[in-house]
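# Remarks on the overall topology
Spelled out from the first residue to the last, the chains are:
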Amino acid sequence: MNSLNNAKADIHVPVLIVGGGGAGLTCSMLLSQLGIETLLVSALPTTSSLPKAHVLNQRTMEILDDVGVAEAIYAKSTPAENMKAMGWYAGFAGSDPDLGRLIAKLETWGCGYTNLNWLQASPCRSANLPQIRLEPIMRARADQLNPGKVRFHHQLTKLEQDDNGVTAWVTNHDTGDEYSVRARYVLGCDGGRTIPRLVGISYEGLGVIAQTATAHVSADLSKLARDADVLIRWIWCPAIGEMAVLVPMGPDHWGPDSEEWVFHVTYRGEGPKDLTDEQIEKNMRIALGIPDLPMTVHKVTRWALEGVLASKFRAGRVFLVGDAAHRHPPTGGLGLTSAIQDAHNLSWKLAAVLRGEAGESLLDTYDAERRPVDARNIQRSMENSMAHMEAGAAFGLNPGASAEENWKQFRRILSDKPEDAAHRSAALRAIRQLSMEANELNVEYGYRYQSAAVISDGSSLTEPTDDIRVYQPSTFPGSPLPHAWLDDEAGQRLAMKDLVKPGRFLLIAGEEGQSWCAAVSKLIAENDLLIDAVRIGHIDGDVFDPRLAWAQFRGISKKGAVLVRPDRVVCWRHAGASPDPIAALRDALGSVLCRSFYPGTTKTPEFAPAK
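Below is a short write-up of the structure. (Residues numbered from 1 in each chain as written. Predicted model: local features only at pLDDT ≥ 70, side-chain atom pairs only at ≥ 80, totals over all residues. Heavy atoms only, no water.)

Take the pairing of strand S4 (residues 85–90) next. When you tally the buried positions in S4, you get six out of six residues, the bulk of the element. Where S4 meets strand S5 (residues 101–107), six bridges bridge the pair, whose relative direction is antiparallel. Among the inter-strand pairings, Met-86 is bridged to a residue of S5, identified as Leu-106. Both S4 and strand S12 (residues 230–237) contribute to a ladder of six bridges, which runs parallel. Residue pairing in the sheet places Met-86 in a bridge with Ile-232 of S12. (Buried < 20%, exposed > 50% of the residue type's maximum accessible area, 1.4 Å probe, protein only. Helix = DSSP H or I, 4+ residues; strand = E, 2+ residues; numbered from the N terminus. Pairing = 2+ DSSP bridges.)

Note that Thr-212 resides in strand S11 (residues 203–218). Since its relative accessible area comes to 1%, Thr-212 is described here as buried. A polar side-chain atom of Thr-212 sits 3.3 Å from a polar atom in the side chain of Thr-266. Residues in contact with Thr-212, not counting those within four places in the same chain, are His-264, Val-265, Thr-266, Pro-272, Thr-301, Arg-302, Trp-303 and Leu-305. (Polar contact = N/O pair within 3.5 Å; in protein donor to acceptor, adjacent residues only side chain to side chain. Contact = heavy atoms within 4.5 Å.)

This brings us to the pattern of salt bridges. Within this structure, the stated rule accounts for 37 salt bridges. Two residues, Arg-568 and Glu-62, come together in a salt bridge whose shortest N-O distance is 3.8 Å. With Arg-568 in the loop between strand S24 (561–564) and strand S25 (570–574) and Glu-62 in helix H2 (residues 58–66), this residue pair connects regions lying 506 residues apart in the sequence. You'll find Arg-568 and Glu-62 in the same group, each marked buried. Residue Lys-105 pairs with Asp-227 through a salt bridge whose shortest N-O separation is 3.7 Å. With Lys-105 in strand S5 and Asp-227 in the loop between S11 and S12, this pair connects stretches of sequence that are 122 residues apart. What makes Asp-227 partly exposed here is its relative accessible area of 25%. A network of salt bridges, in which partner residues are shared, links Arg-59, Glu-62, Asp-65, Asp-66, Lys-497, Asp-498 and Arg-568. (Salt bridge = Lys/Arg side-chain N within 4 Å of Asp/Glu carboxyl O.)

A separate point is empty space enclosed by the protein. Counted under the stated rule, the structure contains six cavities of 30 Å³ or more. Residue lining of the largest cavity: 16 residues in total, with Glu-357, Gly-503, Phe-505, Leu-530 and Leu-593 positioned closest to the centre. For the lining of the largest cavity, the per-class residue count stands at ten nonpolar, one polar and five charged. The computed volume of the second largest cavity comes to approximately 70 Å³. In this structure, the second largest cavity is lined by Arg-59, Glu-62, Ala-121, Pro-123, Tyr-445, Leu-481, Pro-482, His-483, Met-496, Lys-497 and Arg-568. Here the residues of the lining of the second largest cavity are counted per class, giving six nonpolar, one polar and four charged. (1 Å grid on protein atoms, 1.4 Å probe; cavity = no way out; pocket = protein on both sides within 12 Å on 5 of 7 lines; lining within 4 Å. Points joined across faces, edges and corners; volume = space filled by probe spheres on them. Nonpolar A, V, L, I, M, F, W, Y, C, P; charged D, E, K, R; others polar.)

Moving on, we come to the pairing of strand S22 (residues 531–537). The buried fraction of S22 amounts to five of the seven residues, a majority that puts the element mostly inside the structure. Pairing between strand S21 (residues 505–509) and S22: five bridges, direction parallel. Looking at the pairing, Leu-507 lines up with Ala-533 of S22. In this fold, S21 hands off to helix H14 (residues 514–527), which returns the chain to S22; that crossover is right-handed. Of the strand pairs in this sheet, S22 and strand S23 (residues 543–544) are connected by two bridges, and their pairing is parallel. Residue pairing for S23: Ile-536 is matched across the bridge by Val-543. (Right-handed = clockwise from strand over helix to strand, strands pointing away.)

What follows deals with the packing of aromatic side chains. With the rule as written, the count across this model stands at ten aromatic pairs. Ring geometry for Phe-319 against Tyr-366: centres 6.2 Å apart, planes inclined by 70°, an arrangement best described as edge-to-face. Of this pair, Phe-319 sits in strand S17 (residues 318–320) while Tyr-366 is found in helix H10 (residues 364–394), placing the two residues 47 residues apart along the sequence. Geometrically, the ring pair formed by Tyr-447 and Tyr-449 is tilted, given 5.2 Å between the ring centres and 35° between the ring planes. (Phe/Tyr/Trp six-rings, centres within 6.5 Å; stacked < 30°, edge-to-face > 60°.)

Of the volumes computed, that of the second largest pocket is approximately 410 Å³. When the residues that make up the lining of the second largest pocket are grouped by side-chain class, the tally is eight nonpolar, six polar and four charged.

Below, the discussion takes up unusual backbone geometry. Cis peptide bonds are those with omega within 30 degrees of zero, and the linkage from Gly-250 to Pro-251 qualifies with 10°. Counting through the fold element by element, Pro-251 comes out in the loop between strand S13 (242–250) and strand S14 (260–267). Non-glycine residue Tyr-113 carries a positive phi angle of around 65°. On the secondary structure map, Tyr-113 appears in helix H4 (residues 109–113). Of note, Asp-227 is a non-glycine position whose phi angle comes to about 65°, a positive value.

In short, geometric facts, not functional conclusions.
Following this line, the structure appears as structure tokens:
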């Protein structure tokens, strides 16, 4: 087929989304909410057939709450009381009385939303729902928001860019028909299968740690899986000399009563690629000590434990989002959450440019902001995986040794003999080191974006007590907006996050910041900006801070102001009053939106719509 110009395209749409997983569906929902027309195409016939990623951290749940799916996710997710901990066990089942013995247990993901640090971080608790059940919820909502424009089994085969947009060719695999799409922008959310190659984006490999086999099974393990509060079971398997992982998958019951499970085992060397599904199932049964337990194996998969980062997240009018931009080991649950947060960062910027509210160069800040954060998340995922391998080594596990030899090493951990004290101490220290995997609050919230869409106020950051585990909320420019529970005049409770409306900036002034709010009104009259203003104080204001939760972290005086972007990132702050608040705000907004605002002007689109 020859290159098409705008007039010959079968479909015209501002944004074409390629891929129907967590990243693509989030982009679709967010852009629909912002009034931007999109078309989503996915080569796959349906949403994920594999459990894959399952942990959704707090900031991710905030985003999913924004688009109206959090309640449905929580309804199907692991209950809070069943995801309080990770446990390490001496085997799983068998005749030896030590098999299944608990070695250690660590709190995870805020201990079921009871840890005060996690309560302070967000109004939303973490969730746990495998993609096989998460994505249908997201797809249904995307369909509801954008009827007829979420198309599975429609594969993009080719695209061409020019100065004004992108032309793509799509095949409908249900009918065999091909059609063309003309879009202003394309979002590559296809896991890297097609889009990066078509636009010439390469990957930087951060290393392959090992090879893993995963079995998704249905089995009744209720009499064997102890500790209902444990979500992830790390099982020391003397029969194979490796650590294995067992995770409940629901769908109707959780904890030990879960109907479905996933079993992961990591192989050294060449790994499981030459093993048949039957051999992997046999190894699983040997490792767990359940040779004859009734079981249905739904699927066996093999995959590399690796970290991969795209060399850049943008090529012209094409952007990579989620797994197309970065891939992570699953440890820490940072892969899917990173994808959803990519979508959150990019969507409001696309909407602002398409509506003529921002300059085109605002889109360059997507790579500048998300790529360093995603790189850190990959690094943390890999460090978590390495830490588990180090724990296995500290336990004395050896895949080349017999089960009896591995048991001998394990029993040194239980020994009270002086000569075994150092071995026991090293093993327990290795487990304590693993507390970082599911206690990464500063990784989830403590990042600071640096780009043209964030204005420094000249202040410096205080080093955190622990760069991974201890999150100190802050309005330092580039930081996520801190959480606080607030009251309105009627005494109704509301979360700080809900003051930031879709696609709109929010100016938060101190209780004596009337001049800032007046400046916002003036700028709206001049430029028709999408911005709201509110004063927050303990005694005076538009809404009130009854617990002084906001006052602790706001970083401004009673007469100061903080400017928050539509993605709830602080982009500017002024500690106190200003002699000219209108000019100060006009300059700040102009800088963040990569355009100029002048007194008396009105909003006009910077770019004409694609034809």
